[in-house]
Structures are given as C-alpha cells and as structure tokens.
Amino acid sequence: HYFCPQEIAEYHNLLHEVSISVEDLKADGFSQDPFFKCLMAELPPENPSKPGRPIGYVLYYKGYCVNHGKMVYLENIYVAPEFRDKGIGKQLLVKVAE
C-alpha cells in the first residue's frame, strides 16, 4: 500500500480539491527529469525479499530566489497516525535539510 493523493486529501478534509492521480505523481516525481523529490519512511519488512511498509513521506522541490539564492520548498510531510510522536517526521526533515 502506497500513499495516494486521495488518501492524504481525505485526511485533511480536502478530497474535493484533488485533481491529480497516482499516475500523475509517478510521472512528476519519478521520471527521468522529476519535478519534485520525495523521501519515504518505511517500516522494515518481515520478509527481507519484500518491500517495507510506507509509514510516512516528505515531498519537496528546489527553487531559486534572486534575493536569497538556493531554496528548498517543503510541499508536504505526512506520517501515518499510528506512527506519530516517534520522531519520524523530524528524521524526514533532517534528511531534506542534508
């Protein structure tokens, strides 16, 4: 199970504002020339041959300001409710800052 725009929007009571699909996210973030970057927090798999369970993410993109130079815009950060208050969001932000 991976996060999708509808799942996050429903959590924020903004489902009526979603106009993109999972396919759009894949194309915009995971193509040859991605428009944004995304870091995932995963719960380790029970079986090492299987992927971990996504439990959080941070979505960000780079920009440039003629007054300040390089910038990173944090678009969204999300941690599944059952994994909150465990420092996962902070760890994601630290990775973005690196």
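Remember, it's a predicted structure, so these values are computed and weren't measured experimentally.

Basis of the calculations
Residues numbered from 1 in each chain as written. Predicted model: local features only at pLDDT ≥ 70, side-chain atom pairs only at ≥ 80, totals over all residues. Heavy atoms only, no water. UniProt positions renumbered as here; feature names shortened; annotations may be inferred. Helix = DSSP H or I, 4+ residues; strand = E, 2+ residues; numbered from the N terminus. Polar contact = N/O pair within 3.5 Å; in protein donor to acceptor, adjacent residues only side chain to side chain.

*Asks:* Hey, could you run me through the UniProt feature "domain: N-acetyltransferase" (unreviewed entry) in the protein in this one?
*Replies:* With numbering matched to this structure, UniProt assigns "domain: N-acetyltransferase" (unreviewed entry) to residues 9-98. Measuring from the first to the last C-alpha atom of residues 9-98 gives 28 Å, for a span that is 23% helix and 34% strand.

*Asks:* Help me understand the environment of N76 in this model?
*Replies:* In this structure, N76 sits in strand 3 (residues 69-79). Note: C-alpha distance between N76 and M40 (36 residues apart in sequence) is 12 Å. Looking at N76, its side chain comes within polar contact range of the side chain of Y57, at 3.2 Å.

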